[in-house]
Amino acid sequence: SDYNNIKISEYLYTLFHEFERELRKTLVISKLSDDDMILYFEEKIKKEKYKIEYGRKLENYRKKKETSFQQPVFQGFELNDLISLIHNRKIWDINNSSEIVNLRNSIMHAKDFVLENSEIESSLLYNFDTFKMFFLKASYTINEYKRLLNFNNWRKDLGVGNVNL
């Protein structure tokens, strides 16, 4: 089977599209805005360890805001920023977030996620360890998306908020 098949990438691309929308929805339901993300970046910049990384993020956001039309809330930020703000504000705990972000980046940059075996005598076309890692990352993503969707539906049922993005 071809694990790097375009159909798998298309499915995961769609999943990440929906997952990121649900993350933005989570932040809006929590009554947060782009300004809260900016404050979060500014808090991180105060720590020497994060000064360069978050300084770059803040600069990129401000450049985008100056040169583009008004974007919907939280659409100027990356997946890992959305997850980080949700964690920072203790809204929701997203498990395996680094693996999810890693898989998202592989999908968006059209990287093969399962490597072929280089050994001619191997009975397997693909390297099984890379398949296992890919499968775990995909499973984490699907599970966390479903958990987040359930969380937001539960909040909606409680009347916490109803947001359409």
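Up top is the structure these notes are about.
Residues numbered from 1 in each chain as written. Predicted model: local features only at pLDDT ≥ 70, side-chain atom pairs only at ≥ 80, totals over all residues. Heavy atoms only, no water.

(A) Up close: the packing of helix α4 (residues 79–88) against helix α5 (residues 97–108). Put simply, α4 and α5 touch, their axes get as near as 10 Å, and they point 160° apart. With respect to each other, α4 and α5 are oriented roughly antiparallel. Relative to α5, the crossing made by α4 is right-handed. Between α4, through Leu79, Asn80, Ile83 and His87, and α5, the contact on the second element is made entirely by Ser97, Ile100, Val101 and Arg104. When grouped by side-chain class, the residues that make up the contact of α4 with α5 number 4 nonpolar, 3 polar and 1 charged. (Axes fitted to C-alpha atoms, helices over the stretch in contact; angles between N-to-C directions. Helix = DSSP H or I, 4+ residues; strand = E, 2+ residues; numbered from the N terminus. Parallel < 35°, antiparallel > 145°, perpendicular 65-115°, else oblique. Left-handed = near helix turned anticlockwise from the far one by under 90°. Contact = heavy atoms within 4.5 Å. Nonpolar A, V, L, I, M, F, W, Y, C, P; charged D, E, K, R; others polar.)

(B) A look at a nonpolar patch on the surface. Residues Trp154, Leu158 and Val160 make up a contiguous nonpolar surface patch of about 310 Å² in total accessible area. Mapped onto the elements, Val160 comes out in the segment after α6 (128–158). Of the residues examined, Val160 reaches a relative accessible area of 35% and is grouped as partly exposed. (Patch = residues over 30% accessible without salt bridge, like charges linked within 9 Å, V, L, I, M, F, W, Y side chains within 5 Å. Areas by Shrake-Rupley, 256 points an atom, 1.4 Å probe, with all protein chains shown as cover. Salt bridge = Lys/Arg side-chain N within 4 Å of Asp/Glu carboxyl O. Buried < 20%, exposed > 50% of the residue type's maximum accessible area, 1.4 Å probe, protein only.)

(C) Spotlight on the pattern of salt bridges. The final tally for this structure, using the stated rule, is 9 salt bridges. A salt bridge links Arg62 to Glu42, with the nearest nitrogen and oxygen atoms 3.2 Å apart. With Arg62 in helix α3 (residues 51–67) and Glu42 in helix α2 (residues 34–45), this pair connects stretches of sequence that are 20 residues apart. Note on Arg62: relative accessible area 41%, which makes it partly exposed. Ionic pairing is found between Glu59 and Lys63, a salt bridge with its closest N-O pair at 3.1 Å. Of the two residues, Glu59 and Lys63 are both situated in helix α3; the distance of 4 residues between them amounts to about one turn of the helix. Residue class for Glu59 comes out partly exposed when judged on its relative accessible area of 45%. Connected via shared salt-bridge partners are Lys57, Glu78 and Asp81.

Don't take any of this as a statement about function, it's just geometry.
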